[in-house]
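# An overview of the molecular structure
Here are the chains, one letter per residue:
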2 protein chains.
Amino acid sequence: MIAPVVILVEPQLAENIGMVARAMANFGLSELRLVAPKNGWPKKGVREAASGATHVLDDATVFATVPEAIADLNYLLATTARERGQMKRAYAPDEAMADVAARAGQRVGVMFGRERIGLTNDEVSLADAIVTFPVSPDFPSLNLAQAVLLVGYEWRKASGQARLPFTGEMQSPPATREAMASLVASLEGSLEAGGFYPPEKRDVIARNMRDMLHRMAMTEQDVRTFRGALRAMTRIKAKE
Amino acid sequence: MIAPVVILVEPQLAENIGMVARAMANFGLSELRLVAPKNGWPKKGVREAASGATHVLDDATVFATVPEAIADLNYLLATTARERGQMKRAYAPDEAMADVAARAGQRVGVMFGRERIGLTNDEVSLADAIVTFPVSPDFPSLNLAQAVLLVGYEWRKASGQARLPFTGEMQSPPATREAMASLVASLEGSLEAGGFYPPEKRDVIARNMRDMLHRMAMTEQDVRTFRGALRAMTRIKAKE
């Protein structure tokens, strides 16, 4: 599946552009287009801000105008934080990327505006649809690189590539019920010997203890560790 | 619903902590805890990096150790990019926040590690579960503030607060079918007069034109604009 192109319109700060490159690389986006970057390109400090995502910066292309930057695209999304009085569909990032993922073989671009003032209404009018973010109305100002990060993150999810680097699967299988039963038996034996159970409440308390132990979903190794701990504690008692 | 607490363990860079505060504020998280920030607290430049989210910084609390920082929490998530040989459940951010949103009335914390080396295995062992991010294996290194941003974003979605700042709803109602029909009629009239239709293909072409016009989902205003444009073009012809 072709990942969307990221288009930054008149970006100003080297740090933001570098952070954009890093955010893109984090989620597998690689094509960056810059429209008339303020104070020229390349910018001093941009590579440092990309902390290693320099391949995105090295391959970045610079355009003089938005129409040139979007000329080859089949579908264009414009990101904006505010209403533009235009009647385009406004998508949340996840909805927008689900739509993009469904556009097999189409070249898609996502356009981000200037740090302070965003995109102009004329620039937004060139887009097929709008992407806006579900930010808190009390603090809606999203950093440029963070807007790109959310789009990349949702693209990765929508394109079915969002695999976790590792799973929480058990490295050792859960203990057999027999191992659990014998652990429970020796625990209850020690507690009995230690005078833990008030006779009238014995059954209820024993059941609650068994419930606690089973909630731990112990592995064979856990059971061995627990039995060792139990032996150590009864040893103390023996020494007294 | 109580938003999760963000816990940064030994954060170093003022800029990252400021960006964390901003990312939190973007999605309505407000409680920030710092464990032994490197080179002390408050840090020079942190407020600038927060670009306005200073309320999060002003309310941030500093702790000497992780156990003190998490003492009052009912449920703790640890973020990590790599396997720790621990048998905890590993969640993606959306799964983790869905679980958190279901913990009504519980105080939940999400713990983030040091910029370079993350959390220690001992720190991770204190958590109930792990959160890890579906990053690209080719470039997995996620900036601290961006990890916080993704957690805040998914929290906002999971807690049902992810409303868009505006919708793409039409400001003017769709045109009536009658208005569309009369627009189509006058367009076809002008095209007829202009000798646009090869007789044998007239019906097919006319149908395709009507299809194009209806795909635009015109409003009353759009129809007026389009009719004016049509009149202007036929005027040129008249002048010739």
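Residues numbered from 1 in each chain as written. Chains lettered and ligands numbered in written order. Predicted model: local features only at pLDDT ≥ 70, side-chain atom pairs only at ≥ 80, totals over all residues. Heavy atoms only, no water.

### Focus: the relation of the copies chain B and chain A
By a simple turn and slide, chain B fits onto chain A: the slide is 0.0 Å along the axis, the RMSD is 0.0 Å, and the turn is 180 degrees. The transformation just described matches what one would write down for a two-fold rotation axis. The rotation axis passes nearest to the C-alpha of glutamine 146 of chain B in chain B, at a distance of 3.4 Å. Looking at chain B, 100% of its interface residues are interface residues in chain A too, so the copies touch through the same face. (Least-squares fit on C-alpha atoms with pLDDT ≥ 70 in both. Contact = heavy atoms within 4.5 Å.)

### Describing the packing of aromatic side chains
Scanning the model with the defined rule gives five aromatic pairs over all chains in all. Judged by centre distance (6.3 Å) and plane angle (80 degrees), the rings of tyrosine 153 of chain A and tyrosine 153 of chain B are edge-to-face. Of the two residues, tyrosine 153 of chain A is situated in helix 7 (residues 144–158) and tyrosine 153 of chain B in helix 7 (residues 144–158); the pairing between them involves two chains. The buried category is assigned to tyrosine 153 of chain A, whose relative accessible area is 1%. On the numbers, 5.2 Å between centres and 70 degrees between planes, the contact of phenylalanine 196 of chain B with tyrosine 197 of chain B is edge-to-face. Through successive ring pairs, a cluster of aromatic residues spans Phe27 and Tyr153 of chain A together with Phe27 and Tyr153 of chain B. The ring of tyrosine 75 of chain A is capped by arginine 103 of chain A, whose NZ or CZ atom sits 3.5 Å from the centre of that ring. One Lys or Arg, arginine 202 of chain B, reaches over the ring of tyrosine 197 of chain B and ends 4.6 Å from the middle of that ring. (Phe/Tyr/Trp six-rings, centres within 6.5 Å; stacked < 30°, edge-to-face > 60°. Helix = DSSP H or I, 4+ residues; strand = E, 2+ residues; numbered from the N terminus. Buried < 20%, exposed > 50% of the residue type's maximum accessible area, 1.4 Å probe, protein only. Lys NZ or Arg CZ within 6 Å of the ring centre and 35° of its normal.)

### Focus: the interface of chain B and chain A
Chain B puts 56 residues into the contact, and the matching count from chain A is 57 residues. The junction of chain B with chain A conceals about 4,500 Å² of combined surface from both sides, 60% of it contributed by carbon and sulfur atoms. Contact with chain A buries surface across chain B, with Met87, Phe139 and Phe166 of chain B losing the most and accounting together for 17% of the total. The interface formed by chain B and chain A contains four salt bridges. With a shortest N-O distance of 2.8 Å, lysine 157 of chain B and glutamate 154 of chain A are connected by a salt bridge. Counting across the interface, chain B meets chain A through 16 residue pairs in polar contact (both at pLDDT 80 or more). At the level of secondary structure, the elements contributing two or more residues to the side of chain B that touches chain A comprise helix 1 (14–26), strand 5 (90–91), helix 5 (93–101) and helix 7 of chain B. Looking at the side of chain B that touches chain A, the element that brings in the most residues is helix 7 of chain B, giving eight residues. (Buried area = accessible area lost by both parts, 1.4 Å probe. Salt bridge = Lys/Arg side-chain N within 4 Å of Asp/Glu carboxyl O. Polar contact = N/O pair within 3.5 Å; in protein donor to acceptor, adjacent residues only side chain to side chain.)

### Brief notes about the domain arrangement of chain A
According to the domain assignment, chain A contains domain 1 (5–158) and domain 2 (177–239). The C-alpha centroid of domain 2 of chain A is placed 59 Å from the C-alpha centroid of domain 1 of chain A. (Domains from an automatic or database assignment.)

### Notes on the nonpolar core
The nonpolar side chains of soluble globular proteins are, as a tendency, buried together. Judged by nonpolar contacts, the single largest core of 90 residues is most densely connected at Leu8, Leu32 and Leu77 of chain A together with Leu8, Leu32 and Leu77 of chain B. Beyond its immediate sequence surroundings of up to four residues, leucine 8 of chain B is in contact with Ile17, Val20, Leu32, Arg33, Leu34, Val35, Phe112, Leu144 and Val148 of chain B. (Core = buried A, V, L, I, M, F, W, Y, C linked by side-chain atoms within 4.5 Å.)

### With respect to the packing of helix 5 of chain B against helix 7 of chain B
Residues and elements named next belong to chain B. In contact at an axis separation of 8 Å, helix 5 and helix 7 are set at 50 degrees when each is read in the N-to-C sense. Compared by their axis directions, helix 5 and helix 7 come out oblique. Crossing of helix 5 against helix 7: the hand is right-handed. Residues Pro93, Asp94, Met97, Ala98, Val100 and Ala101 of helix 5 touch helix 7, and the partners they reach there are Leu150, Val151, Glu154, Trp155 and Ala158. For the contact of helix 5 with helix 7, the per-class residue count stands at nine nonpolar, no polar and two charged. (Axes fitted to C-alpha atoms, helices over the stretch in contact; angles between N-to-C directions. Parallel < 35°, antiparallel > 145°, perpendicular 65-115°, else oblique. Left-handed = near helix turned anticlockwise from the far one by under 90°. Nonpolar A, V, L, I, M, F, W, Y, C, P; charged D, E, K, R; others polar.)

### Section: unusual backbone geometry
Here tryptophan 41 of chain A and proline 42 of chain A are connected by a cis peptide whose omega angle stands at -5 degrees. Although it is not a glycine, asparagine 39 of chain A adopts a positive phi angle of roughly 60 degrees. By the secondary structure assignment, asparagine 39 of chain A is in the loop between strand 2 (32–35) and helix 2 (46–49). Residues other than glycine seldom take positive phi values, yet alanine 36 of chain B does so here, at roughly 40 degrees.

### Re the sheet that holds strand 2 (residues 32–35) of chain B
Residue and element names in this part refer to chain B. Pairing in this open sheet of seven strands is parallel, and the strands run 3-2-1-6-4-7-5 from one edge to the other. If you trace the sheet from one side to the other, it starts and ends with strand 3 (61–63) and strand 5, each paired once. Here four bridges tie strand 4 (residues 75–79) to strand 6 (residues 108–112), and the two strands are oriented parallel to one another. Opposite alanine 78, over in strand 6, you have methionine 111 as the bridge partner. (Pairing = 2+ DSSP bridges.)

### Points about the pattern of salt bridges
All names here are of chain A. Scanning all chains against the criterion turns up 24 salt bridges over all chains. Two residues, glutamate 31 and arginine 107, come together in a salt bridge whose shortest N-O distance is 2.6 Å. Note that glutamate 31 is positioned in the loop between helix 1 (14–26) and strand 2 and arginine 107 in the loop between helix 5 (93–101) and strand 6 (108–112), a separation of 76 residues in sequence. Assessed through its relative accessible area of 27%, glutamate 31 is described here as partly exposed.

### Things to note about the sheet that holds strand 7 (residues 129–131) of chain A
Residue and element names in this part refer to chain A. Read across the open sheet, the seven strands follow the order 3-2-1-6-4-7-5; overall the sheet is parallel. Of all the strands in the sheet, the pair left with one neighbour each is strand 3 (61–63) and strand 5 (90–91). Where strand 5 and strand 7 come together, two bridges link them in parallel fashion. Counted as the bridge partner of tyrosine 91 is valine 131 from strand 7. In the packing of helix 7 onto the sheet, the strands contacted are strand 1 (5–9) and strand 6, and the crossing angle to strand 6 comes to about 155 degrees.

### Some points on the pairing of strand 6 of chain A
Residue and element names in this part refer to chain A. For strand 6, the tally of buried residues reaches five of five residues, placing the bulk of the element in the interior. In strand 6, alternate side chains face the same way, and those of Val108, Val110 and Phe112 on one face and Gly109 and Met111 on the other are all buried. Sheet analysis places strand 1 next to strand 6, joined by four bridges and oriented parallel. When the bridges of strand 6 are listed, isoleucine 7 appears paired with methionine 111.

### Topic: helix 9 (residues 202–215) of chain A
Residue and element names in this part refer to chain A. Taking 1.5 Å per residue, 14 residues should reach 20 Å; helix 9 reaches 20 Å between its end C-alpha atoms and fits that length. Among the residues making up helix 9, those that are buried are Ala206, Met209 and Leu213. Down the axis of helix 9, the buried set is contained in an arc of 60 degrees. They therefore lie on one face. Exposed positions of helix 9 whose direction lies more than 90 degrees from the buried face are Asp203 and Arg215. Alanine 217 occupies a position one or two residues after helix 9 and carries a positive phi of about 45 degrees. (Expected span 1.5 Å × (residues − 1). Arc of directions from axis to C-beta.)

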